[in-house]
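# Geometric and topological summary
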Amino acid sequence: MSFDTTIDLGEIGEQDITVAFDYTRGWPGSFNEPPEPEEVSITSVQFRGIEIKPDLCREKITELEQEAFEHMASERRQCDEDRAERLHDLREAA
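Below you will find a few notes about this structure. (Residues numbered from 1 in each chain as written. Predicted model: local features only at pLDDT ≥ 70, side-chain atom pairs only at ≥ 80, totals over all residues. Heavy atoms only, no water.)

### A word on the overall build of the chain
The number of helices and strands found in the chain is one helix and four strands. For 94 residues, the compact-globule formula gives about 12 Å, and the C-alpha radius of gyration of the chain, at 18 Å, lies well above that figure. The principal-axis extents of the C-alpha atoms in the chain amount to approximately 60 × 40 × 15 Å. Here the chain holds 94 residues, and 21% of them are scored as buried. (Helix = DSSP H or I, 4+ residues; strand = E, 2+ residues; numbered from the N terminus. Rg over C-alpha atoms; globule rule 2.2 N^0.38 Å. Buried < 20%, exposed > 50% of the residue type's maximum accessible area, 1.4 Å probe, protein only.)

Below is the structure:
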């Protein structure tokens with residue numbers, strides 16, 4: 001999965017980048033199993049096709065991970081809205 005965002009690259013100012021990440025959905029757990037939190041792992045940060053992740057500080061990576069969580073939450077909300085709209089349309093058609 002990936003998303004586009006803007007970050008400050010120092011002397012060249014704010015630039016658009018593409019962030020690729022892996023997402024693992026969390027699970028609430030059960031009596032025998034502990035809960036598993038959701039996780040995001042940034043796999044790539046590209047600026048104009050150049051990999052810049054190794055050049056970013058840990059703080060910036062943490063900020064990008066938070067944006068990835070927000071991106072996934074937005075995707076889930078959109079999916080829920082689309083499903084509700086589809087069900088509404090099916091009810092209207094029946």
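Moving on from the coordinates now.
### Observations concerning the pairing of strand E3 (residues 39-47)
Inspection of the sheet shows strand E2 (residues 14-24) paired to E3 by seven bridges, in the antiparallel sense. By the bridge assignment for E3, Phe 21 is matched with Ile 42. Count of turn residues in the E3/strand E4 (residues 50-51) antiparallel hairpin: two residues, of which Arg 48 carries a positive phi of about 50 degrees. (Pairing = 2+ DSSP bridges.)

### Quick word on the pattern of salt bridges
Side chains that differ in charge, positive against negative, can pair when their charged atoms come close. Considering all chains together, one arrives at four salt bridges under this definition. For Arg 76, the salt bridge identified is with Glu 38, shortest N-O distance 4.0 Å. With a gap of 38 residues between them, Arg 76 in helix H1 (residues 58-93) and Glu 38 in the loop between E2 and E3 connect regions that are remote in the sequence. You can call Arg 76 partly exposed: its relative accessible area is 36%. One salt bridge connects Glu 65 with Arg 58, and the closest N-O pair in it is separated by 3.3 Å. A relative accessible area of 17% means that Glu 65 is categorised as buried. Taking the relative accessible area as the measure of exposure, Arg 58 reaches 53% and is therefore exposed. (Salt bridge = Lys/Arg side-chain N within 4 Å of Asp/Glu carboxyl O.)

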